[in-house]
Amino acid sequence: MKNIELARTKLERAQLLFETFEEISENELKQIFNYVMNAIELMPADNIDKYELYGQVRNLAGCDIKKFGGIFKAVNWKNSTILRKQDIKEMIDRIDMLLN
């Protein structure tokens, strides 16, 4: 029971940072990823969606993040991904659904 409460707290922190998406820095976006990964790790259920989402977030967190106006670009040696506000919102919403 404590793990679920802690996971929700981590997710709430990610949601609070997300509310100011237009003003956040690259490091704050990485902090959102860290909160999300922590929330996923604390989730008790073992399901495929949890592990798939964790892998996606972990890969993004390991990238070099650059901000370009209202979007971010996650870059590693292999590829790059554009991260829009909607993408981050969907990620947070998916975790919220898994927690409920």
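Above: the structure in question.
Only a predicted model underlies this, so the values are computations on that prediction, with no experimental measurement involved.

Asker: Can you help me understand the pairing of strand E3 (residues 80–83) in this one?
Answerer: Side chains on a regular strand alternate between the two faces of the sheet. The sheet contact formed by strand E2 (residues 71–75) and E3 spans 4 bridges and is antiparallel. From the neighbouring strand, Ala 74 faces E3, where its bridge partner is Thr 81. Hairpin remark: E2 followed by E3, antiparallel, with 4 residues in the connecting loop.

Asker: When you look at helix H3 (residues 48–61) in this model, what are you seeing that I'm missing?
Answerer: Since one α-helical turn is 3.6 residues long, residues separated by three or four positions face the same way. For H3, built from 14 residues, the straight-helix expectation of 20 Å at 1.5 Å per residue is met to within 8% by its first-to-last C-alpha distance of 20 Å. Taken residue by residue, H3 has Lys 50, Leu 53, Tyr 54, Gly 55, Val 57, Leu 60 and Ala 61 as its buried positions.

Asker: How should I be thinking about the nonpolar core in this particular structure?
Answerer: As a rule of thumb, soluble globular proteins bury nonpolar side chains together. One finds Leu 29, Ile 32, Phe 33 and Ile 88 to be the most contacted residues of the largest nonpolar core, which totals 32 residues. When residues of this core are assigned to their parent elements, the largest contribution, 9 residues, is made by helix H2 (residues 26–42). Ignoring sequence-local partners within four residues, the contact set of Phe 33 consists of Val 57, Leu 60, Ala 61, Ile 65, Leu 83, Ile 88 and Met 91.

Asker: What is the right way to read the sheet that holds strand E1 (residues 64–68) from this model?
Answerer: The strands making up a sheet are joined through hydrogen bonds of the backbone, oriented either antiparallel or parallel. In spatial order, the strands read E1-E2-E3; together these 3 strands make up an open sheet with antiparallel pairing. Lying at the two open borders of the sheet, with one neighbouring strand each, are E1 and E3. The mean angle between the axes of side-by-side strands here comes to 20 degrees, regardless of whether they run parallel or antiparallel. Strands in contact with H2 are E1, E2 and E3; relative to E1, the strand with the most contacts, it is inclined by about 125 degrees.

Asker: Explain the pattern of salt bridges here, please?
Answerer: Pairing of side chains with opposite charge becomes possible as their charged atoms draw close. In total, this model carries 4 salt bridges according to the counting rule given. Linking Asp 87 and Arg 84 is a salt bridge whose minimum nitrogen-to-oxygen distance equals 3.0 Å. On the accessibility criterion, Asp 87 (22% relative accessible area) is partly exposed.

Asker: When you look at the packing of aromatic side chains in this model, what are you seeing that I'm missing?
Answerer: Centre-to-centre distance and the angle between the planes together describe a pair of aromatic rings. Using the criterion set out here, one finds 2 aromatic pairs in the structure. Between Phe 18 and Phe 21, the ring centres sit 5.8 Å apart and the planes meet at 50 degrees, which makes this aromatic pair tilted. Among the residues examined, Phe 18 registers a relative accessible area of 12% and is labelled buried. Relative to Phe 72, the ring of Phe 21 has its centre 5.4 Å away and its plane inclined at 75 degrees; by these criteria the two rings are edge-to-face. Placement of the pair is Phe 21 in the loop between helix H1 (2–18) and H2 and Phe 72 in strand E2, with a sequence separation of 51 residues. Here Phe 21 matches Phe 72 in class, with each residue buried. One aromatic cluster is present, built from ring pairs that chain together Phe 18, Phe 21 and Phe 72.

Thresholds, definitions, all that
- Residues numbered from 1 in each chain as written.
- Predicted model: local features only at pLDDT ≥ 70, side-chain atom pairs only at ≥ 80, totals over all residues.
- Heavy atoms only, no water.
- Pairing = 2+ DSSP bridges.
- Helix = DSSP H or I, 4+ residues; strand = E, 2+ residues; numbered from the N terminus.
- Expected span 1.5 Å × (residues − 1).
- Buried < 20%, exposed > 50% of the residue type's maximum accessible area, 1.4 Å probe, protein only.
- Core = buried A, V, L, I, M, F, W, Y, C linked by side-chain atoms within 4.5 Å.
- Contact = heavy atoms within 4.5 Å.
- Axes fitted to C-alpha atoms, helices over the stretch in contact; angles between N-to-C directions.
- Salt bridge = Lys/Arg side-chain N within 4 Å of Asp/Glu carboxyl O.
- Phe/Tyr/Trp six-rings, centres within 6.5 Å; stacked < 30°, edge-to-face > 60°.

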